[in-house]
Structure formats: C-alpha cells, structure tokens
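Chain and residue survey
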Amino acid sequence: MSRPCVHADAISPVPPPASGCETCLEIGDTWVHLRQCLTCGRTLCCDDSPNRHMSRHARADGHLIMRTAEPDEDWVFCFGDDALVRETATGGWEAFDWYVEEGLEAATAHLSAGGSLDDAALATAHEELAQWVGHVRAKHATGALDAADASAIEALPGWTW
Ligand SMILES: [Zn+2]
Ligand SMILES: [Zn+2]
Ligand SMILES: [Zn+2]
C-alpha cells in the first residue's frame with residue numbers, strides 16, 4: 001500500500017505558512033491555492049496557479065516535500081515520489097496512493113451495504129466508484145499499480161481486472 005519516502009530527511013520545523021504566495025506577491029500576480037515548503041518554510045502557489053511557484057521551487061532548489069497551506073486541508077506531498085506522504089507509526093515517512101486507498105474504502109463500504117461491483121450496476125449506482133474501477137484497471141494494465149494495492153483490490157468480492 002505504501003513505500004518508504006527516502007526524501008523525508010529534508011523536512012525541517014517550519015513556521016506557520018504565510019497568507020499569500022511570496023513570489024506572486026513580489027511580482028504582483030495571483031494564485032489559486034497555497035503550499036508550504038517543509039524544508040525552507042516558503043509559502044508558494046500550487047500547480048493550478050498560473051506561476052506554479054512551488055513545483056518550480058522544488059525543481060530549482062531540490063526541496064521536494066511540501067504541505068498544503070490551505071486552512072481546511074491537511075496533507076503532505078513529495079515531489080520525489082510524486083505522491084502524498086504520511087508519517088508512519090515508527091516515525092518514518094511513507095508515500096501512498098491516496099486515490100487507490102480512498103477507492104478501496106469506498107468499494108468495501110459499497111459491498112458491505114449490499115452493492116455490487118458489476119460494471120453495469122456500478123455505472124448507474126455509483127459513478128465515482130465506477131471511475132475508480134476504471135482508473136485502477138488502467139493502472140494495473142500498464143503495470144503501474146503497486147503490488148500490495150493490486151492484491152488488496154483483488155481481495156474485493158467479485159473483483160475482475
Ligand atoms: Zn519522497
Ligand atoms: Zn506564486
Ligand atoms: Zn524550500
């Protein structure tokens with residue numbers, strides 16, 4: 001379900017994020033969402049923003065780990081893994097596939113509520129889950145799906161690739 005993030009040594013204690021993208025404010029531009037670098041603490045803008053200052057910063061300065069600086073969100077992302085990362089019980093960090101894990105939970109809940117993973121039924125009964133099924137099948141077909149994720153998905157009653 002996850003693999004160790006080898007970049008997490010670069011995480012340092014940082015102050016609370018700023019209320020704007022530091023670089024956009026300098027050049028008088030605007031942003032969509034804010035991210036904070038967990039190495040140097042700079043607050044910069046996301047990839048939906050015109051300037052994408054956080055991912056530029058990651059490429060230019062090699063600071064690979066950032067967190068959301070949006071008040072209603074709580075997640076950490078590693079550019080080195082191109083995945084969300086989280087702290088483990090033993091104090092390390094691991095990269096995980098958020099979308100795969102959320103979908104597995106939704107599929108399990110759907111099944112225990114008497115639902116079926118049958119394609120036709122799912123397409124009308126649970127559109128989001130139908131999209132997830134398509135996503136993980138496509139990922140599996142290209143060999144990009146994590147092996148542990150694949151076996152967890154295969155364990156779902158009635159699952160077919
Ligand atoms: Zn990493
Ligand atoms: Zn910016
Ligand atoms: Zn930084």
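The rules behind the values
Residues numbered from 1 in each chain as written. Chains lettered and ligands numbered in written order. Predicted model: local features only at pLDDT ≥ 70, side-chain atom pairs only at ≥ 80, totals over all residues. Helix = DSSP H or I, 4+ residues; strand = E, 2+ residues; numbered from the N terminus. Buried ≥ 20, exposed ≤ 12 C-beta atoms within 10 Å, placed from the backbone. Contact = placed C-beta atoms within 7 Å. Pairing = 2+ DSSP bridges. Domains from an automatic or database assignment. Core = buried A, V, L, I, M, F, W, Y, C linked by C-beta atoms within 7 Å. Axes fitted to C-alpha atoms, helices over the stretch in contact; angles between N-to-C directions. Arc of directions from axis to C-beta. Expected span 1.5 Å × (residues − 1).

**Looking at the overall build of the protein chain**
Each helix and strand in the protein chain was counted, giving six helices and seven strands. Reading the secondary structure of the protein chain in the N-to-C direction produces β-α-β-β-α-β-β-β-β-α-α-α-α. Summarising its shape, the C-alpha atoms of the protein chain cover approximately 55 × 35 × 30 Å along the three principal directions. When each of the 161 residues of the protein chain is scored for burial, the buried share is 27%. Across the protein chain, the fraction of contacts at a sequence separation of at least 24, relative to all contacts at a separation of at least 6, is 46%.

**Side note on the pairing of strand β7 (residues 93-96)**
Side chains W93 and A95 project from β7 onto a buried face, and the interleaved E94 and F96 project onto a face without burial. Here three bridges tie strand β1 (residues 2-4) to β7, and the two strands are oriented antiparallel to one another. Across the sheet, residue P4 finds its bridge partner in β7, namely E94. Both strand β6 (residues 83-87) and β7 contribute to a ladder of four bridges, which runs antiparallel. Bridge assignment links E87 to a residue of β7, and that residue is W93. Between β6 and β7, which follow one another and run antiparallel, lie five residues, and G91 among them has a positive phi close to 90°.

**Points about the domain arrangement of the protein chain**
If you check the domain split of the protein chain, you get domain 1 (2-96) and domain 2 (98-154). Look at where the C-alpha atoms of domain 1 and domain 2 centre, and you get two points 29 Å apart.

**What about the nonpolar core?**
Formed by 22 residues in total, the largest nonpolar core has its most connected members in C45, M54, I65, C78 and V85. Once you skip the residues sitting within four places of it in the chain, V85 turns out to touch C5, A8, V76, F77, C78, W93, E94 and A95.

**Concerning the sheet that holds β1**
If you trace the seven strands from one edge of the open sheet to the other, you get β1-β7-β6-β5-β4-β2-β3, paired in antiparallel fashion. Each of the sheet's edge strands pairs with one partner strand only, and the pair in question is β1 and β3 (43-45). Strand-to-strand twist in this sheet, taken as the mean axis angle between neighbours without regard to direction, amounts to 40°. Where helix α2 (residues 53-61) meets the sheet, it contacts β2 (34-37), β3 and β4 (65-68), and its direction lies at approximately 115° from that of β3.

**Structural notes on α2**
Along α2, the positions that sit buried rather than exposed are H53, M54, H57 and A58. Viewed along the axis of α2, the buried residues span an arc of 140°, placing them on a single side of the element. Projecting away from the buried face of α2 at angles above 90 degrees are the exposed residues R59 and A60. For α2, the elements touching its buried residues are α1 (22-27), β2, β3 and β4. Looking one or two residues beyond α2, the residue adopting positive phi is G62, at roughly 70°.

**Brief notes about unusual backbone geometry**
The phi torsion at R52 lies on the positive side, around 45°, for a residue other than glycine. Secondary-structure assignment places R52 in the loop between β3 and α2. Although it is not a glycine, D82 adopts a positive phi angle of roughly 55°. With respect to the element layout, D82 can be found in the loop between β5 (76-78) and β6. When the 9 C-beta atoms within 10 Å are taken as the criterion, D82 is described as exposed.

**Considering helix α3 (residues 98-112)**
When the terminal C-alpha atoms of α3 are compared, their 21 Å separation across 15 residues agrees well with the 21 Å that a helix rising 1.5 Å per residue should span. Residues of α3 that are buried include every one of V100, G103 and A107, and no others. The buried residues of α3 occupy an angular sector of 65° when projected down its axis, which confines them to one face. Residues of α3 that are exposed and angled more than 90 degrees away from the buried face: E102, E105, A109 and S112. Contacts made by the buried residues of α3 are with α5 (127-141) and α6 (147-154). A positive phi of about 90° marks G114, the residue just after α3.

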